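# Structural overview for review
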Amino acid sequence: MSTARSSRRTAATRRDSKSPDRLSGDYPGLRRLVQKRILDDVFGSAGEKHPGWKVLIVDEPAMKVISAAVGMYEIMERKVTIVESIDKKRAPFPDMAAIYLLEPRKKSVSKLIEDFSGDKILYGDSVFIYFLGRLSDSLLDQIKNCKELLKRIKGLVEINVDFLTKEERAFTLDMKSAFTSFYGEKKSSSTESKLVDRLVTVCATLNEYPHIRYPESSKLGTRVAKLFHKKMDEFVAQNPSWWYHGGPSKSSGSGTAKAERGTLLLLDRASDCLTPLMHDFTYQPMVHDLLKMDGDCITFKNESASDPSKSEDKDVLLDERDRLWVELRGKHIAAVIETLSNRIRDIMNSSSGKNLGGKGESGQMSISQMASALKALPEYREVMSKLAQHMHLSHECMDVFKKQNLLELSELEQTLATGKDDEGRSPSVSELMDQVDNALIKMKSSKDRLRLFLIATISQGGLRSQDRKRLMTSADLARKQIKTVNSLEVLGLSIVNSATSDVKKSIVSMFTGTQQATGGTDDEAEYAASRYIPQIKMILEDMASNELSLSDYPSVLPMPDMAPSTGAAGRSAKSARGSGKGKDAGTSARAGAAATSVRKKAGASSKWAKSSVEERADDAAPTKFSGGRCIVFMMGGLAFSELRHAREISKKMGREIVLGGTTFINPQDFIDDLTVLGQDE
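Description of the structure in this document. Everything numeric in this text was worked out from a predicted model, so none of it was measured.

Extensive coverage of strand β1 (residues 54–58) is indicated by the burial of 5 of its 5 residues. By the alternation rule, side chains of β1 split into Lys54, Leu56 and Val58 and Val55 and Ile57, which are all buried. Sheet analysis places β1 next to strand β2 (residues 80–85), joined by 5 bridges and oriented parallel. By the bridge assignment for β2, valine 58 is matched with serine 85.

Structure, rendered in structure tokens:
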């Protein structure tokens with residue numbers, strides 16, 4: 001067993017000479033690194049020792065990790081004949097080798113040992129065991145004590161991939177219940193420890209031994225930062241041949257990239273509770289907000305390919321494997337529909353499409369007409385299928401948008417959040433409360449009323465007593481929903497504003513310096529209904545340009561001197577903040593930016609009119625990066641709109657940003673978290 005003990009961490013220390021390298025100009029994202037780790041260090045290494053067919057046995061966390069990174073076809077190509085769940089009863093394959101990929105937890109190790117205990121041994125003489133993270137010594141001892149298993153082990157390795165790669169440079173720790181553990185009365189240190197263990201595997205995969213920064217005002221951030229520092233140091237000490245960017249060369253010959261050392265910035269969801277609640281009309285946030293999703297999968301009714309008069313359920317996976325989704329997810333819904341219509345028109349205007357008589361009319365094609373075109377143009381079958389699929393989803397979003405009158409509602413939300421309407425005027429508190437009151441009365445759904453009530457409360461830094469009573473009456477909230485609103489106090493937010501004057505107190509006055517969230521500049525807000533910019537955007541811009549305040553976001557250990565970015569993007573980001581100094585100057589500069597981000601109003605449709613014909617570069621465009629990685633992690637859940645800002649800033653400023661969270665959340669997810677938190681109080 002000494003061999004297994006000594007080899008169990010080799011996956012984190014090996015470096016293939018053919019692997020992508022940041023020195024050579026190839027910038028593999030986190031998802032590509034995870035793919036390589038799974039295909040090479042798991043299936044590749046097992047295949048070298050046992051070239052025959054094998055059985056893959058996984059627990060639920062491992063299945064999620066695999067599904068997020070690689071496809072079933074890629075696994076089968078590595079001579080895996082069947083994939084089975086360790087939690088289910090399985091047929092024996094005594095003549096086949098077994099590959100186990102498991103979370104390092106007691107339940108999974110017990111199931112592993114059961115497979116080699118008793119009269120029936122399930123698998124053959126070659127067993128390969130891979131754990132997503134570090135296996136404790138006590139669990140390792142349990143494996144040692146199972147003689148039938150011990151004599152079959154050909155490899156026991158920790159691959160350090162205990163997280164889900166949802167996008168090329170975005171990940172989640174799949175910790176959906178962590179919110180209550182962080183902020184509730186019964187805080188759980190085990191949850192924080194689990195978070196840190198998984199975050200260490202992220203940095204191990206990225207070969208980053210990062211500088212660690214956290215919000216000075218966050219007790220949660222301070223605790224997690226110190227714990228991460230301790231466990232990351234332990235990992236480095238236990239893996240002496242592991243290399244990291246910006247670190248020394250290793251005598252083993254594996255060397256190291258000469259890229260700068262990365263920085264991990266921990267953020268606290270409690271510092272910005274407004275962003276997860278706001279309506280966002282870019283494609284990805286809109287789909288997750290308005291349509292019924294199961295993770296990354298969505299099911300919708302589609303016309304049957306064999307009989308257009310009938311409909312059938314169609315499951316669609318919206319992830320990195322769908323290139324059209326990757327391209328469109330960061331675009332405004334109006335731009336998505338325009339892009340899809342133009343491409344369908346181009347196909348219908350092609351030589352094949354002209355034969356169908358479709359020239360000039362494809363922009364108005366129905367879903368059924370697209371299905372007919374799909375059959376008639378076999379050379380475009382795959383392209384048309386994807387176009388039709390996303391046209392269907394985008395129109396479903398627009399159906400909900402129109403039914404719920406979200407354009408008018410979002411304008412109210414934007415005004416509440418930025419303190420300015422789309423004409424640049426600052427309404428009084430009384431005027432705003434009248435608008436909120438009228439909107440609440442019109443709403444049929446209690447969930448929608450709760451959401452607007454929360455937005456109004458958070459954006460104003462609490463409501464005046466008379467306004468709160470009036471809005472409570474109009475919202476007609478149930479007792480459970482009132483507790484949900486009151487849970488904001490647990491997060492440190494005010495729900496009652498004692499101010500008696502009729503002066504607008506927007507989100508601008510709730511935060512100072514880099515902790516606030518306001519509207520963006522004129523170039524950034526292409527649509528008047530999208531004036532609000534999350535605070536994470538300001539933070540990411542400061543971080544990418546090496547200007548993030550060390551007093552607001554200190555480092556666990558002293559940071560090296562880093563010159564501010566002098567590139568065009570860096571200068572642009574800096575100028576957008578104004579030339580003042582200190583927190584007060586930053587506040588006024590950003591508040592001024594909000595005032596300049598409005599659009600001239602000439603009817604409702606103009607609120608969605610683009611300021612320019614050009615669109616942002618799509619998500620799939622390759623990017624060259626400079627400087628160390630920025631790894632930004634949101635404790636308490638990351639909103640889908642925040643993913644978009646990270647991608648855009650990364651492209652604009654040429655700095656690699658890897659964004660993660662305990663989980664990804666839509667508005668209802670966040671409200672559900674607040675509800676659970678409210679019931680605990």
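Next up on the list: helix α2 (residues 30–49). Across its 20 residues, α2 extends 27 Å between first and last C-alpha, which sits within 8% of the 28 Å expected from 1.5 Å per residue. The largest bend in α2 amounts to roughly 25 degrees and is located at phenylalanine 43.

With that out of the way, let us pick up the layout of surface pockets. Where empty space is left in the structure can be found by rolling a water-sized probe over the atoms. Approximately 1200 Å³ is the volume found for the largest pocket. In this structure, the largest pocket is lined by 47 residues; those nearest its centre are His288, Met293, Asp294, Gly295 and Asp669. At the level of elements, α3 (60–69), β6 (164–167), α11 (283–290), β10 (293–294), α19 (446–459), α25 (640–653), β16 (664–665) and α26 (667–680) are the ones that each hand at least two residues to the lining of the largest pocket. For the lining of the largest pocket, the leading source of residues is α26, giving 5 residues.

To continue, consider the packing of aromatic side chains. This model, assessed by the stated rule, comprises 14 aromatic pairs. For the ring pair phenylalanine 171 and phenylalanine 633, a centre distance of 6.0 Å and an interplane angle of 20 degrees mean the geometry is stacked. In this pair, phenylalanine 171 sits in strand β7 (residues 170–172) while phenylalanine 633 sits in strand β13 (residues 630–635), placing the two residues 462 residues apart along the sequence. You can call phenylalanine 633 buried: its relative accessible area is 0%. A centroid spacing of 5.1 Å and a plane angle of 80 degrees characterise the contact between tyrosine 209 and tyrosine 244, whose relative ring orientation is edge-to-face. Of this pair, tyrosine 209 sits in the loop between α9 (189–206) and β8 (211–213) while tyrosine 244 is found in the loop between α10 (219–238) and β9 (263–268), placing the two residues 35 residues apart along the sequence. Looking at tyrosine 209, the relative accessible area reads 17%, which means it is buried. Looking at tyrosine 244, the relative accessible area reads 13%, which means it is buried. An aromatic cluster is present here, built from Phe179, Phe182, Tyr183 and Phe670 joined pairwise through their rings. The ring of tyrosine 209 carries arginine 261 above its face, with NZ or CZ at 4.7 Å from the centroid.

The next subject is the pairing of β9. Of all the 6 residues making up β9, 6 are buried; the element is thus mostly covered by neighbouring parts of the structure. Of the two faces of β9, the one holding Thr263, Leu265 and Leu267 and the one holding Leu264, Leu266 and Asp268 are both buried throughout. As paired elements, β9 and β13 share 6 bridges and run parallel to each other. When the bridges of β13 are listed, leucine 266 appears paired with phenylalanine 633.

All right, on to the sheet that holds strand β3 (residues 97–102) then. Pairing between the strands of a sheet is mediated by backbone hydrogen bonds and can be parallel or antiparallel. On the basis of which strands lie adjacent, the open sheet formed by 5 strands has the order β2-β1-β3-β4-β5 and parallel pairing. With one partner strand each, in any of the chains shown, β2 and β5 (153–158) form the two edges of the open sheet. Averaged over all adjacent pairs, the angle separating strand axes in this sheet is 15 degrees, with direction ignored. The sheet contact formed by strand β4 (residues 127–131) and β5 spans 5 bridges and is parallel. For tyrosine 130, the partnering residue across the bridge sits in β5 and is valine 157. Contacts between α3 and the sheet are confined to β1, β2 and β3, with β1 contributing the most and set at about 110 degrees to the helix.

Further remarks concern the sheet that holds β8. Strand order across the open sheet formed by 6 strands is β6-β7-β15-β13-β9-β8, with mixed pairing between neighbours. The sheet is open, and its two borders are formed by β6 and β8, each paired with just one other strand. The sheet shows a mean angle of 25 degrees between the axes of neighbouring strands, direction not considered. Where β6 lies against β7, 3 bridges are found, and the strand directions are antiparallel. Note on β7: the bridge partner recorded for glutamate 167 is alanine 170. Each of β7, β9 and β13 touches α9; the most contacted strand, β13, lies at about 160 degrees to it.

Calculation rules
- Residues numbered from 1 in each chain as written.
- Predicted model: local features only at pLDDT ≥ 70, side-chain atom pairs only at ≥ 80, totals over all residues.
- Heavy atoms only, no water.
- Buried < 20%, exposed > 50% of the residue type's maximum accessible area, 1.4 Å probe, protein only.
- Helix = DSSP H or I, 4+ residues; strand = E, 2+ residues; numbered from the N terminus.
- Pairing = 2+ DSSP bridges.
- Expected span 1.5 Å × (residues − 1).
- Bend = angle between axes of the 7 residues up to and from the residue.
- 1 Å grid on protein atoms, 1.4 Å probe; cavity = no way out; pocket = protein on both sides within 12 Å on 5 of 7 lines; lining within 4 Å.
- Points joined across faces, edges and corners; volume = space filled by probe spheres on them.
- Phe/Tyr/Trp six-rings, centres within 6.5 Å; stacked < 30°, edge-to-face > 60°.
- Lys NZ or Arg CZ within 6 Å of the ring centre and 35° of its normal.
- Axes fitted to C-alpha atoms, helices over the stretch in contact; angles between N-to-C directions.
- Contact = heavy atoms within 4.5 Å.

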